[in-house]
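Residues per chain are reported as follows:
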Amino acid sequence: MTTTSAETVIAAPRAHSATAPRGAAVRRRQGFQHGGWFVAPFLVLFALFVIWPLLRGIYLSFTDANISGDSPGFVGLDNYREALQDPLMWDALGHSAYFTLLVVPCITVIALLLAMLAHHIERGKWLWRLCFFLPFLLPSTVAGNLWQWLFNPGTGMINHVFGIETPWLTDKSYAMLAVVITTLWWTVGFSFLLYLAALQGIPAHLYEAAKLDGANAWHRVVHITLPMLRNITGLVIALQILASLQVFDQAVTMMDFGPGPEDSTRTFVQYTLEQGFTSYRVGYASAISVIFFVIIAAVALGRMWLLRNREEGAR
């Protein structure tokens, strides 16, 4: 009887250990099944409005489809060959890249400075934060029309306040700069909010320890604030690059739905829409869209590769 009790005691843990993994697997499977019902609506909408249009666009890029609704004919890679030899497409891509090179560094620096100001200011802190973030809540058409009026050569406030006569919207040397200034004012609030949240997450004891060691304000910013904001800065730059390459709304609105003086503000997205809905060449516009998708995907993957290599180097 003693032997039987001992065997029971020894066998009990074995039985428990054998059934525990099985029970955990069952619970995981059940949790996945229940969670799947919550994710299903999103997956359906994602497939309907993202995956299907993407696949449909890729298919149309190999055809001569037009907006009239006629049955498209298969043309193979002709649309892609034409696009790669199209100087207007490359000009539009150059305009988008130029806009991105101007906007991304400026918006990153300005957002950081505004966030640091709003974080350290004592009186009226909520008002400063509201003023910095409020323009981002405006629709793109409102922001574009507002700055179109401000940049008006005859009645605009910009020329009147500074006592100049700059043809902001009618000269190709200034048209893209006007779009950049509008974009900075309109979208800096989003990056400002990201930086402000990151600043609030930096432990206060780091600054206190630095003060005790005799570090001044500049040293605390360089050796504490900026390193602690490295990840959020990478996120801001990546988001701004992807958003700037797709610039469309404010440029079109400010130029009265045209390409600007001497086509100086025609962006890649605008040229794609012109081919699809003005020239009625849906197949060719789809090929341009696929090329643009590949470019944006390459930029995103390149950023991920650089970030991963930097993290591995830091280790």
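Heads up: the structure comes first, above all this text.
Reading the values: rules and limits
Residues numbered from 1 in each chain as written. Predicted model: local features only at pLDDT ≥ 70, side-chain atom pairs only at ≥ 80, totals over all residues. Heavy atoms only, no water. Helix = DSSP H or I, 4+ residues; strand = E, 2+ residues; numbered from the N terminus. Areas by Shrake-Rupley, 256 points an atom, 1.4 Å probe, with all protein chains shown as cover. Axes fitted to C-alpha atoms, helices over the stretch in contact; angles between N-to-C directions. Parallel < 35°, antiparallel > 145°, perpendicular 65-115°, else oblique. Left-handed = near helix turned anticlockwise from the far one by under 90°. Contact = heavy atoms within 4.5 Å. Nonpolar A, V, L, I, M, F, W, Y, C, P; charged D, E, K, R; others polar. Buried < 20%, exposed > 50% of the residue type's maximum accessible area, 1.4 Å probe, protein only. Core = buried A, V, L, I, M, F, W, Y, C linked by side-chain atoms within 4.5 Å.

Peer 1: I keep staring at the overall build of the protein chain and nothing clicks. Help me out?
Peer 2: Scanning the protein chain from terminus to terminus reveals 13 helices and zero strands. Along the protein chain, helices (α) and strands (β) appear in the sequence α-α-α-α-α-α-α-α-α-α-α-α-α when read from the amino end. When the accessible surface of the protein chain is summed, it comes to about 19,600 Å², and 68% of that surface belongs to carbon and sulfur atoms.

Peer 1: How do you make sense of the packing of helix α7 (residues 172–200) against helix α10 (residues 230–245) when you look at a structure like this?
Peer 2: Two quantities define a packed helix pair, namely the angle between the axes and the distance from one axis to the other. It is at 10 Å that the axes of α7 and α10 come closest, and there the two elements cross at 165°. Classified by the interaxial angle, the pair formed by α7 and α10 is roughly antiparallel. You can see that α7 and α10 cross each other, and the crossing is right-handed. Seen from α7, the contacting residues are Phe-190, Ser-191, Leu-194, Tyr-195 and Ala-198; seen from α10, they are Ile-232, Thr-233, Val-236, Leu-239 and Gln-240. Across the contact of α7 with α10, the residue classes tally to seven nonpolar, three polar and no charged.

Peer 1: Explanation requested: unusual backbone geometry in the structure shown.
Peer 2: Across the chain, the bulk of peptide bonds are trans and the bulk of non-glycine residues have phi less than zero. In the Ramachandran plot, Asp-256 falls in the positive-phi region, its phi being about 55° despite a non-glycine side chain. Within the secondary structure layout, Asp-256 lies in the loop between α11 (249–254) and α12 (268–278). The class of Asp-256 is exposed, set by a relative accessible area of 58%. Even without a glycine there, the phi angle at Asp-263 is positive, about 60°. By secondary structure assignment, the location of Asp-263 is in the loop between α11 and α12.

Peer 1: Would you mind going over the side chain of Gln-250 with me for this structure?
Peer 2: Position of Gln-250 relative to the elements: it lies in helix α11. On the basis of relative accessible area, Gln-250 is assigned to the buried category, the value being 6%. Apart from the residues within four sequence positions on either side, Gln-250 is in contact with Phe-99, Val-179, Thr-183 and Trp-186.

Peer 1: Would you take a moment to explain the environment of Phe-132 for this structure?
Peer 2: You can see Phe-132 is positioned in helix α4 (residues 125–133). For Phe-132, a relative accessible area of 14% gives the class buried. The sequence separation of Phe-132 and Ala-115 amounts to 17 residues, and the corresponding C-alpha distance is 8.8 Å. Not counting the four nearest positions on each side in its chain, Phe-132 is found in contact with Leu-114, Leu-117, Ala-118, Gly-189 and Phe-192.

Peer 1: Whenever I open this one, the nonpolar core confuses me. Can you help?
Peer 2: Nonpolar side chains in soluble globular proteins tend to be buried together. Counting 37 residues, the largest nonpolar core has Phe-151, Phe-192 and Tyr-195 as its most contacted members. For this core, the secondary structure elements donating two or more residues are α3 (87–120), α5 (140–150), α7, α10 and α11. If you look at the next biggest cluster of nonpolar residues, it comprises 15 residues, including Leu-93, Phe-268, Ala-287 and Phe-292.

No statement about biological role is implied by the geometric values presented.
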